[in-house]
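Chain by chain, the residues:
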Amino acid sequence: MIARSPLYDEYQAGHVMIGPSLLAADFRYLAREIERLEAAGARFLHLDIMDGHFVPNLSFGIPIVQAVRRATPLILDVHLMISNPEAHIERFREAGADYLTVHIEVAPDPRPLFEMIHRTGACAGVSLNPPTPVETVIPYLNNCELVLVMSVMPGFGGQSFRPEVLPKIRRLRQLAPEGLMISVDGGVNGQTIGQCAEAGATMFIVGTGLLGHDNYSQRYRELAALVKNHQSKAVV
Ligand code: DX5
Ligand code: ZN
């Protein structure tokens, strides 16, 4: 970790780091959705940016990040599933992103992008898709604040968790320098979050597994309890 990392600070303070993915929100009532997630206890929000090129889907862009920023003081964790992140990093930061995560598949040496992100004052993350070996990101663990392990092929919410990524989380946990957050994204729900915690993940991105339920507060509490139970079993 080379920048000050608010997500790590929250984690260190003992908070369970469940990040609701706004992709699963009802966009008719975005401000209300955010209020409900804040009330449920969320410490940060995860925002999925898709370009229809790196992934076969489009989601939302700068105006929505700006709107979310205006709606909440929560930490904004922006996941760039885009082919040319260098062209957009500064504008996402200006829009209110606190963390900007780029994919190793589009930036085999992500250090120049991390530098660009750090220059804007944001924290930097690197993500890897399920087929991408963990070795691709290992050389860069000292240069960023977050590693985002995809547990589905990116592009769509509501897919099934791929348990074959768990060994990547275990390996990252063994190698992670102090302060690096290990996030898992895709198919994380009541059935799978415990395995992720046990493997050593420190952040849990949850879309349909939280926003697909009526009572966010109750669901958040249940997920947080599962994380706590399983974190105590983590072999680290
Ligand atoms: C997938 C996105 C995820 C997605 C997770 O491409 O990166 O953040 O919103 O959604 P669920 O939790 O429904 O799999
Ligand atoms: Zn995501």
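Check the entry above for the structure.
Below is a short write-up of the structure.

Parameters at a glance
Residues numbered from 1 in each chain as written. Chains lettered and ligands numbered in written order. Predicted model: local features only at pLDDT ≥ 70, side-chain atom pairs only at ≥ 80, totals over all residues. Heavy atoms only, no water. Buried < 20%, exposed > 50% of the residue type's maximum accessible area, 1.4 Å probe, protein only. Helix = DSSP H or I, 4+ residues; strand = E, 2+ residues; numbered from the N terminus. Pairing = 2+ DSSP bridges. Right-handed = clockwise from strand over helix to strand, strands pointing away. Salt bridge = Lys/Arg side-chain N within 4 Å of Asp/Glu carboxyl O. Donors = N, O, S within 2.8 Å, 3.2 Å for Na, K, Ca; no water. Tetrahedral: all angles 85-135°; square planar, octahedral: opposite > 155°, others 65-115°. Near = heavy atom within 4 Å. Polar contact = N/O pair within 3.5 Å; in protein donor to acceptor, adjacent residues only side chain to side chain. Areas by Shrake-Rupley, 256 points an atom, 1.4 Å probe, with all protein chains shown as cover.

**Section: the pairing of strand E4 (residues 99-103)**
Two faces, one strand: in a regular strand the side chains alternate between the faces of the sheet. Across the five residues of E4, five count as buried, placing the element largely inside the fold. Residue alternation in E4 divides its side chains into two sets, Tyr99, Thr101 and His103 and Leu100 and Val102, and both sets are buried. By the bridge criterion, three bridges tie strand E3 (residues 75-81) to E4 in an arrangement that is parallel. Paired with Asp77 across the two strands is Tyr99, which belongs to E4. What joins E4 to strand E5 (residues 123-128) is helix H5 (residues 111-120), and the crossover it makes is right-handed.

**Description of the pattern of salt bridges**
Throughout the structure, instances matching the rule amount to 11 salt bridges. A salt bridge links Arg162 to Glu164; its shortest N-O distance comes to 3.9 Å. It is possible to trace a salt-bridge network through shared partners that takes in Arg69, Arg93 and Asp98.

**What about the coordination of the zinc ion (ligand 2)?**
For the zinc ion (ligand 2), the full set of protein donor atoms is His46 (NE2), Asp48 (OD), His79 (ND1) and Asp185 (OD), at a range of 2.0 to 2.3 Å. Around the zinc ion (ligand 2), the six donor atoms are arranged such that angles at the metal cover 70 to 169 degrees; this shape is classified as octahedral. Along the chain, the residues donating to the zinc ion (ligand 2) are arranged with the sequence spacing H-x1-D-x30-H-x105-D.

**Examining the site of ligand 1**
Around ligand 1 sit 20 residues, and of these Ser21, Asp48, Gly155, Asp185 and Thr208 come closest. Between an oxygen atom of ligand 1 and a side-chain N or O atom of Ser21, the distance comes to 2.8 Å. Here an oxygen atom of ligand 1 and a side-chain polar atom of Thr208 are 2.7 Å apart. For ligand 1, whose accessible area on its own is 380 Å², the fraction buried by protein is 99%. Looking at the shell around ligand 1, the elements with two or more residues in it are strand E2 (44-50), E3 and strand E8 (203-206). The element that contributes the greatest number of residues to the shell around ligand 1 is E2, accounting for three residues.

Everything listed is a geometric property; what it means functionally is a separate question.
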